[in-house]
Amino acid sequence: MDLKPIELVDTYDRAFPYLRLSITDICNFRCEYCLPDGYKGSGKPNFLSLDEIRRLVTAFAELGVWKIRLTGGEPSVRKDFNEIIDLISHVPGISNTAFTTNGYRLAKNAKSWFEAGMRNLNVSIDSLDRQMFHKITGHDRLPDVLAGIEQALTIGYDSVKVNVVLLKGYNDTALEDYLDYIQKRPVTVRFIELMQTGDNLTYFKKRHLSADVIRDQLLDRGWTQNIRVNGAGPAVNFTHPDYQGAIGLIAPYSKDFCLGCNRLRITATGDLRLCLFGDIGIPLRDLLQHDDQKAELQIRVMKQLDYKKSSHFLAQGETGLIPNLSSTGG
Ligand code: SAM
Ligand code: SF4
């Protein structure tokens, strides 16, 4: 398929064909590092409507974006989730529809989401031990989530990935569990270093550790680090001939992580974020009210790219605007 040339390029020559769109910041889980006390809404939710989402995605697709990931909060809590999938998958130019989920509704809905046009899934599973999963997320749902993945594999999603936030003392010695899981399943498990956000400093200090601990274990077990493809995003991937699945490492604190940045983000209320940890939110919603505002919207987005910084400066403790990842979408 011919892709439209990407017009979203920043001053460091990074291109942005990938948009992460948060559609809600509501979540039903209570992950210790994200929403330990559960979702606390501030007033009546006012998330982007279907029409606003259509205008936004259409404008970005015309600038060369071809991949959209829906995220949140938990995106599947939205009652119009199927309509959102249907809408984005029919926008001309969008060839890759993805979403990140805690998986609580996956077993029930994997088929209808696929039929609506969803093709790529990232499911968060921080432990394959039922009790530990319960402890981390506040929900005893591991069997349901795993059943959902089996459904998705049977249905034939293009890709199924599992996100694991690496947590010292919880899952840093659990690599073997995940390797057993992917030996006969075409699933990529991605270990993500815990990131510091506005709300989680104490937790971060206690549980953060470098993804090098997983890298070392993989190399010891004969896994091979794949050559990075240009524009492939920040994950470093490993494969092994005896395994159907793969392992990815996402290490935001590593040197040069931001060189591979290929994504922009939109919050559930329509602000553009140039970086997950950026300290500016650029409101776009005023330009999502009528179809004839598209050109103005595109100009605003293009101009803002000049302000995208080279790096997130997380290592210096700068967490930008976000109290936790549910508010911007991880
Ligand atoms: N609720 C969905 C889920 O959990 O998959 C989607 C939103 S969640 C914010 C997206 C991803 O960000 C999840 O894989 C989650 O584990 C991860 N995440 C949340 N807070 C994080 C943090 N402080 N550091 C690293 N990853 C985090
Ligand atoms: Fe919810 Fe996802 Fe945050 Fe967990 S990580 S509390 S599932 S938004």
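Just so it is clear, the model here is predicted, and its values are computed rather than measured.

Asks: Got a minute to help me understand the packing of helix H3 (residues 106-116) against helix H5 (residues 142-155) in this structure?
Replies: The axes of two packed helices give the description: the angle between them and the distance between them. Packing of H3 against H5 brings their axes to within 8 Å, and their N-to-C directions diverge by 25°. Between H3 and H5, the crossing angle belongs to the class labelled roughly parallel. For the pair H3 and H5, the sense of crossing is right-handed. Of H5, the residues touching H3 (which contributes Leu106, Ala107, Ala110, Lys111 and Phe114) are Asp144, Val145, Ala147, Gly148, Ile149, Gln151, Ala152 and Ile155. The residue makeup of the contact of H3 with H5, split by class, is nine nonpolar, two polar and two charged.

Asks: In this structure, what is going on with the packing of helix H1 (residues 50-62) against helix H2 (residues 81-89)? I would like to understand it.
Replies: Their axes nearest at 10 Å, the elements H1 and H2 cross at an angle of 25°. In terms of their interaxial angle, H1 and H2 are classed as roughly parallel. When you trace H1 past H2, the crossing you get is right-handed. The segment H1 lies against H2, with Leu50, Ile53, Arg54 and Val57 engaging Glu83, Ile84, Leu87 and Ile88.

Asks: I tried to follow the pairing of strand S10 (residues 263-266) on my own but got confused; where do I start?
Replies: Remark: a regular strand shows side chains that alternate across the two faces of the sheet. Burial along S10 is two-sided: the residues Arg263 and Arg265 and Leu264 and Ile266 are all buried. The pairing of strand S1 (residues 18-22) with S10 spans four bridges and is parallel. Bridge pairing in S10 places Tyr18 opposite Arg263. In the sheet, S10 pairs with strand S11 (residues 271-273) via two bridges, with the strands oriented antiparallel. Residue Arg265 lies in a different strand from S11, and its bridge partner there is Arg273.

Asks: Help me out: how do you make sense of the environment of Gly117 in this one?
Replies: Looking at where Gly117 falls in the secondary structure, it is placed in the loop between H3 and strand S4 (120-124). Residue class for Gly117 comes out buried when judged on its relative accessible area of 13%. Sequence separation between Gly117 and His90 is 27 residues; the distance between their C-alpha atoms is 8.1 Å. Non-local contacts of Gly117, meaning those with residues more than four positions away in its chain, are made with Ile85, Ser89 and Thr97.

Asks: Hey, could you run me through the sheet that holds strand S9 (residues 246-250) in this one?
Replies: The pairing of strands in a sheet comes from backbone hydrogen bonds and takes either a parallel or an antiparallel form. Spatially, 12 strands are ordered S7-S8-S9-S6-S5-S4-S3-S2-S1-S10-S11-S12 in an open sheet, and the strand pairing comes out mixed. Unpaired on one side and paired on the other, strand S7 (224-225) and strand S12 (281-283) mark the two borders of the sheet. One ladder, built from three bridges, connects S11 with S12; its direction is antiparallel. The residue of S12 that forms the bridge with Leu272 is Ile282. On the sheet, H2 packs against strand S2 (67-71) and strand S3 (96-101) and is oriented at approximately 170° with respect to S2. Relative to strand S5 (residues 159-166), H5 is tilted by about 150°, and along the sheet it contacts S4, S5 and strand S6 (187-193).

Asks: Any chance you could explain the site of ligand 2 here in plain terms?
Replies: Taken together, the residues surrounding ligand 2 are Cys27, Phe29, Cys31, Cys34, Leu35, Gly73, Asn102 and Ser326. For the shell around ligand 2, the class distribution of residues is five nonpolar, three polar and no charged.

Asks: Teacher, can you tell me more about the site of ligand 1 here?
Replies: Taken together, 17 residues lie around ligand 1, and Tyr33, Gly73, Ser124, Asn163 and Met195 are the ones closest in. Interatomic distance of 2.6 Å between a side-chain N/O atom of Ser124 and an oxygen atom of ligand 1. Within the backbone of Met195, one N or O atom sits 2.8 Å away from a nitrogen atom of ligand 1. Protein coverage of the free-state accessible area of ligand 1, which is 540 Å², stands at 95%. Elements with a contribution of two residues or more to the shell around ligand 1: S3 and S5. Its residues placed into classes, the shell around ligand 1 shows five nonpolar, 10 polar and two charged.

Conventions used here
- Residues numbered from 1 in each chain as written.
- Chains lettered and ligands numbered in written order.
- Predicted model: local features only at pLDDT ≥ 70, side-chain atom pairs only at ≥ 80, totals over all residues.
- Heavy atoms only, no water.
- Axes fitted to C-alpha atoms, helices over the stretch in contact; angles between N-to-C directions.
- Helix = DSSP H or I, 4+ residues; strand = E, 2+ residues; numbered from the N terminus.
- Parallel < 35°, antiparallel > 145°, perpendicular 65-115°, else oblique.
- Left-handed = near helix turned anticlockwise from the far one by under 90°.
- Contact = heavy atoms within 4.5 Å.
- Nonpolar A, V, L, I, M, F, W, Y, C, P; charged D, E, K, R; others polar.
- Buried < 20%, exposed > 50% of the residue type's maximum accessible area, 1.4 Å probe, protein only.
- Pairing = 2+ DSSP bridges.
- Near = heavy atom within 4 Å.
- Polar contact = N/O pair within 3.5 Å; in protein donor to acceptor, adjacent residues only side chain to side chain.
- Areas by Shrake-Rupley, 256 points an atom, 1.4 Å probe, with all protein chains shown as cover.

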